[in-house]
Structure formats: C-alpha cells, structure tokens
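If you want the building blocks of each chain, they are given just below.
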Amino acid sequence: MTNNKRQQGVSRRRFLGTATAAAAAAAIVPRHVLGERADRRPPSETITYGVIGNGGRKDSGLRGKKDFERIAVCDVDIKRIGGEPDGKTRFTDYREMLERKEIDVVCIGTPPHWHALPCLHAAQAGKDIFCEKPFTKFISEGRAVADAVKRYGVIFQIGTFGRFGKQSEGDRQNRKIIKYGLIKDLSDLVASGGGKNRTGSPSLPRVDEIPEELDYDLWLGPAPFKPYNPKRVHYSNRFYWDYEGGDLTNFGHHSMDPLLYLYGKDHTAPVRVEPGPAPWPQHPDCVGQYSWIECTYADGMRVLFGGGAYKASYDRPRKRSKVSVDDLDEEGRKRYDALPDVAKLVDFGTAVRTRQQSGGHAEASHRVSTLMNLCNLAVRLNRTIHFDPDKEVIVDDEEAARFVDIPMRAPWHL
Amino acid sequence: MKLSPSSTRAGAPTAGGTAAAALGALAAGAMATRAQAADERDEKLAKLIEPLPSDDHAKVEQILEEILKAGSDAIAKLIVMTGHEFGDPEGVKPKYAVHGLVHHVCRPGADGHRKVVAETLAKQFDYDHSDELKAFVCRQLQLCGREQEILALARLLHSERLCEPATQAIGAIGGEKAAAALRGALPDATGGRRTTLVNALGRLRDKAAAPEIRKDVNAKDADLRVVARFALGNIGDADSADALLKAADANPSYERDQATDACLRLARGLGEQGKAADAEKICRKVMDLRKAEDEVHERCAALACLAEVLGVKALDDVNAALESNDLWLRNATARTAVDVARAIAKDHSAEAKKLLEMVLESTEEQAVHEAAHVVLLDLKG
C-alpha cells in the first residue's frame, strides 16, 4: 500500500503547540479543517490502479484521467493481458494482483457475476474500488459489498455518472423533500427510464475445444458449471442468467442510478414490483424480453422501467414527475428548512485523496441493483414481487425469496 | 429426439431373483405399453408446448394447466425431452415448458401442484439419465424443491459432476434437514466435493458440522483451507478462535485477508450468541495484529465489528478513532459512528448526541454531516 494514502493529519495538540495559549483558546479550529489542509494527498501524486477484467470495458472509467496510472492488468484470457502472467504487471488471478502493495485502486471490468467477489476481496486488501455497472447479479451480493466497503473504509465508485448531472436547484429540492418524507403520499409521482431489449440464443451446445488462452473454470468462478460454448464469454455472456441480467440490468443501471439519486432513494428499495406483459415463460439459461415493470416505493412513488419492441403501453395515472418546496404545507416547509442540505457529490479522484465517500457509492449502487434485480425477477416469475427494503427479503413467495441470496460455486462465497 | 423413462438408456430400476422372470415379462409388456404411450405423448406434448414462449399469458397458463392435468408421467416426459446433452436444440421448447411449469406451480397458493412437479423432478434421479439432464433437474429443484426432495438430491453428493448442483439445490432449500444431508456426506468427501460441502455448510451456518470442518482449517489444499476458515467463522464456532487468529497472524497475502475476515465473522457470530466478551477479545486481537500504517483498513473493520457487538460500551474506542491522526481511520469511523449513534439513540440519547458532535468535528465529509444532522434532529425530537 502506498504511504501517500496514509497522510498523517496535523493533530489539534500539535497545532496548539505552535501557537500561544491565549490565541489558541480564542480560536479552536475543528480537526477536519486542519485535516483539510494537511491530510490531503498532494494533487501531483498519482493514484495507481490495476484492472480486473481487460475485455470490452477495460478501464474506460479511469483511463486517461490525469490523476490515475494503470500499473497492472488481470484477465482470465491471457490474450487480453498481452502474454503470460508475470506476477508483477500481468495476472490471470486477481487475488494475486491484490497482493501488490503498490496498487491503490482496482478497476473492475468483469461481467457482473464477477463483480461482488473482487469488490469484497479488494476491500479486505485495502484497495479502493471502481466497479463497472451493472453492479451485482443478486441482491445479497450488493449488501455484502456495501457493508464491506463501509467496514474497511475503502472508497467505491460505480461506473456510471448520470447522477453528477442532477444538481440543479429543482433537483436538490426534489431529492431533499422525497428523501426525508416531507410529502406523505406520492402515489401520483412516477419517474421513468428505459433501455434496449436484446436477448441471446437459448441453445448453447457444448463446444469441446476451449481456447487455450482462456481459463474457463476461473471465468465461471461463482457461476454454476455449464459446458463451454463461446457465447458464454466475452460480452455475449450478457444474455445469460448465470452471469448477468441482460439489457434490463445493463441499461437499467445507467438510467435508474441518476433517477434514484434524484428521488432520494439511495438508501431504500421498492416494496412492490409488478411486471407488464412480455413473452413468457423465460428460458432457464437465456435472458428473455420485458415490456414495462412498475416499482412502487413505501411512500407511494412509482418508478417505471420499460424498453424495446415489447414495451406495452403503460396506462396508469401519473400526475407529476417532480416535487418542489411549493408543494409543501407550512409544517413541511419548517421541517425542510431545519433539515441539512443535500451533500454535494464527490468525484472518485477527490474521494480517494480525501477519504470521503464517492458520489456513486456502494450503498446507492446496491439499491439500484436491487431495483433492477427485482425487476428481472418479476419478469422471470411473471408475478408481482413484494419486498421488505429494510430487512431486504422477499415476502410471501418462497421461490422468489431464493433469488435474493443464490449459493455460489465453491470455493467462492460472500 | 424421442426419449422415454422406460427406454434402455433411461431404464427403470430392475428387480433380481427368480420372481424377476415373471415380473420381467410383465414389466417388459408394461414398458412397451409405456413406450407406446410415451411416443404419443412426445408428439402431443411437442405440439402442446410449441407456442411457448408467448405474450398471450392466458394461452400459456392454459398450456401449463394441461400439462399438470396430464399428470406426472407427462411432466416426466417433458423433463426427458429437455435433452441429455446440454444445449440440445430440440430441448429448447421443453426447457421453456419445464421451467415455466416450475415458476407456475411455485406461485403462492399452488402448493399442491408444486409438490407433484417437485416429486416428479426428484424421481428422475432414479433413472439412468445423463449428468447434464440431472444437473438441469437439480437447478429446477433449487427453485421448487422442499424438504421432501432433500433425500433424493443427497444421493447425488457422491458424484463429481453432480455434487455442485445438488449441493446448491439443498443449500437453497435450507433448514436442518438440508444441513444434515450435507453434513452426512462430508466425512467421506475429498477434493472438490469436500470444498463444495464445507462451503455450503458454512453458508448455512451449521454448528453441528464444525468439528468435522475444523480438520480442514490447515488443509494442504488452499481452496479447502480458506473455505474451512470462512465456514468456521460464519458458523460462529468459538472453538476455532485460536486457529483462525493464528491464520490471521501471517505474512500479508490474500489468504491472510480471508483469515482476518473469518475472525471478524466469528466475532460477529459470537456477539449474536451473547458472547460479547469473547467477541471483544477477537476484535482487539485483530487490532493488535494490524498496527502497520498500511493495515489501517483492517483496524477499521475490527473497530466496526467491536462497535457492532458492544454498542455503547465501544464508545471510548470509537471516540479515540475519531481523534486519530490517520485520515482513513477517522473518516471511516465517522461513517460507522453515525450508525452506532442511531443504534444507541433510544436507550442512550446523551451518549448518542455527544458521539454525533464528535463525528461532526472529526470529518469534513458532507454526506456524513448530512446523516449525522438528521439523527441529531430526531434526538431533539
């Protein structure tokens, strides 16, 4: 671990030692102000990172950013790391890469079935994390990562940035009012997003010749063993349930992340998720199509996600898509003024240097993934799902409940 | 592809002895009749499921209800029609049908049908089907199986190929019978199968498995070793504390990180069992082992665990961290301290208030300030 991340703060006691007692007594300066001057990593110092998953996305979230320097790469396909692993700059097993002290950050560009575990292990190794979306394959993965990020004090940023653009005064009012429940009934409020609706091939016969450069067992990792077929790897895996949730989670994370931020839902999840009509049943291996999914939160607000050729018309009433202080009564206005203002979002580089939570943090990413995974589940099961956002369990549906925490292939576990 | 549970390849279990001759003739006749009937069902079933998948959900429901009405023989036929080879193109429609049927009978209020489907799935393990077909069946039972199917699944735990899907299905069903089935297979298991079983028992937090799993805490195989330590930590096995702490007292490595995490899992587990003093010892030992500057993240995790277990009794440690010169420790602790304040607010409002004031002073992180102010507002009422 680079020492430059362990900047020692100037203690209050040290500060007072350089000033007169009288002057000091008159001007006690809070620790964090002292820290602001002394604790930050010098802007000139580079943050080093290693890539886990050097395929389509690679390190596109960090590449070219002036603060960051790539010093290692890991992929289970040695063609993607430019040759045989050397234990220093090229790896096929990310666990070995995590042991390199010189790496400050990991940039995770693997498929989603391989997001949670590298995040967890990176946190345990004291590395900050940049992780591509969609975040996780199932709900308890996101909870495990959010908890680990908090416990180990590492910084996390998801690979989508729309929320950074939701900073107008209207946006901030909207977020503050909804986040703090200043309007009790929001059943006429609907926010919506959408995406593409592609699917894969449901027939993936075994192909005996696994490419020499690919460690298929490690590629599968926690996913169930299924015989090799080239469509299981290198992007087309997107359309198979074992690895991720298709376009719904892929585009869903992009469109829902800024939405959930805008509507103050970074720390909660819907209580009810209802699927609209789409071709059914879904194939057990291959992701199918969806039309619209209506997600209702405890305050009545609805989030609607829809897409593609099967998007049926959603004809339920939606009166408004935003609220403002003008919608508050007197009591609500008083409470609005008393509550703290919405914190500004911190970009990843600043977050790493100042050890503050990044704008696209793990808890928020987990809640977006929860929303999208519940959407997929409702579509797969073709029925309304009821969810407890505090206990994070599915209610009154034993089969659906089994999708919240899915057993991993050994030796992997959360 | 025409397949039947009564075909030579997937033949029914046979009897032995002299009585078998008579029975055999009868059986042969019965099998032939079954084969004829099965062929008819092949055509009929194939035609019935041809429209799947469909966005006419009423039509889909009608198809599934017809299959259910045709009984377990029809369901069994469909299962075999999914194909012995994975990805068989002719198995695509049958897979839609079987999988759709599983979801259909698992909907709340349909338990009677669910039992029939689950039982029929489990019965397929009696036949000489391919491993890939049986793996597919395991995946369906992972969703619709219950206690009653555990015994059938457990018979697959000896198989190198099928141990994993069977274990995952049993693990998803959960409960004491599931744990007992996995535990029962453990003593004779070696290699990958042993790792699979230990992993699952750890996930289920099966205390009764701890004595057997302790044998693997320093196994030669690295995967098994790491998984055993995870399992014992997750189970909350107090008798493993020394072994886990010893594993955490090693040179820096991925494996040491896992051992440390196992120690903290153990501490949390002991906290849940009301053994706060034992949990505290483990947390403090970990903090003691991690004094280096670049190990601050583990000190943070140990402190967070301590606070979780001790609550208000951890405030001295939390406050000390909030006053630390180390920015990582300070900011990380500020985030968890807000949770601590929230947790103790009801019974210790004065301490919670003081803690939050410390938090506001110790960090410039606006998100933490926002969260802390909200809790303070609630405290003020």
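Residues numbered from 1 in each chain as written. Chains lettered and ligands numbered in written order. Predicted model: local features only at pLDDT ≥ 70, side-chain atom pairs only at ≥ 80, totals over all residues.

Quick notes on the overall build of chain A
Piece 1. Secondary structure summary: chain A contains 13 helices and 12 strands in total.
Piece 2. Burial statistics for chain A: of 414 residues in total, 54% are counted as buried.
Piece 3. Intrachain contacts of chain A at a sequence separation of at least 6 include 71% that bridge at least 24 residues. (Helix = DSSP H or I, 4+ residues; strand = E, 2+ residues; numbered from the N terminus. Buried ≥ 20, exposed ≤ 12 C-beta atoms within 10 Å, placed from the backbone. Contact = placed C-beta atoms within 7 Å.)

As for the overall build of chain B
Piece 1. When you go through chain B residue by residue, the secondary structure sums to 20 helices and 0 strands.
Piece 2. By sequence separation, contacts in chain B at least 24 residues apart represent 61% of the contacts at least 6 residues apart.

Focus: the pairing of strand β1 (residues 47–52) of chain A
All names here are of chain A.
Piece 1. Counting buried residues along β1, 5 of its 6 residues qualify, which places the element largely inside the surrounding structure.
Piece 2. Judged from the 6 bridges that link them, β1 and strand β2 (residues 68–74) form a sheet pairing that is parallel. The partner of Val51 across the bridge, within β2, is Val73.
Piece 3. Both β1 and strand β4 (residues 105–108) contribute to a ladder of 4 bridges, which runs parallel. Note on β4: the bridge partner recorded for Val51 is Cys107. (Pairing = 2+ DSSP bridges.)

Describing the sheet that holds β4 of chain A
Whether parallel or antiparallel, the strands of a sheet pair through hydrogen bonds between backbone atoms.
Piece 1. Judged by pairing direction, the sheet is parallel, and its 6 strands sit side by side in the order β3-β2-β1-β4-β5-β6 (chain A) without closing on themselves. Two strands close off the open sheet at either side, each with one partner strand: β3 (90–91) and β6 (156–158) of chain A.

Let's talk about the confidence of the model for chain A
Piece 1. Predicted confidence across chain A gives a mean pLDDT of 88, with 88% of residues reaching 70 or more.
Piece 2. The model gives residues 1–40 of chain A a pLDDT under 50, and that stretch makes 53 contacts with residues more than four places away or in other chains. (pLDDT = per-residue confidence, 0-100.)

A few points about the interface of chain A and chain B
Piece 1. Opposite the 66 residues of chain A that make contact, chain B presents 69 residues.
Piece 2. For the side of chain A that touches chain B, the secondary structure elements donating two or more residues are α3 (31–38), α5 (116–124) and α6 (139–152) of chain A.
Piece 3. With 4 residues, the single largest contributor to the side of chain A that touches chain B is α3 of chain A.
Piece 4. When its residues are assigned to classes, the side of chain A that touches chain B shows 27 nonpolar, 19 polar and 20 charged. (Nonpolar A, V, L, I, M, F, W, Y, C, P; charged D, E, K, R; others polar.)

With respect to helix α16 (residues 296–310) of chain B
Piece 1. Helix length check: α16 of chain B (15 residues) gives 21 Å between terminal C-alpha atoms against 21 Å at 1.5 Å per residue, within 8%.
Piece 2. Looking at the residues trailing α16 of chain B, positive phi occurs at Gly311 of chain B, about 60°. (Expected span 1.5 Å × (residues − 1).)

Some words on the pairing of β2 of chain A
Piece 1. Relative to β3 of chain A, β2 of chain A runs parallel, the two sharing 2 bridges. From the neighbouring strand, Cys74 of chain A faces β3 of chain A, where its bridge partner is Phe91 of chain A.

Concerning the nonpolar core
Piece 1. By size, the foremost hydrophobic cluster in this structure holds 214 residues, and its most contacted members are Cys375 of chain A together with Cys263 of chain B.
Piece 2. Setting aside anything within four residues of it in sequence, one finds Cys375 of chain A in contact with Leu248, Gly252, Val273, Ile293, Cys295 and Phe305 of chain A. (Core = buried A, V, L, I, M, F, W, Y, C linked by C-beta atoms within 7 Å.)

Quick look at the environment of Gly162 of chain A
Residue and element names in this part refer to chain A.
Piece 1. Of note, Gly162 is situated in the loop between β6 and α7 (169–179).
Piece 2. With 17 C-beta atoms packed within 10 Å, Gly162 lands in the partly exposed category.
Piece 3. If near-sequence neighbours (up to four positions away) are discounted, Gly162 is found in contact with His254, Asp257 and Pro258.

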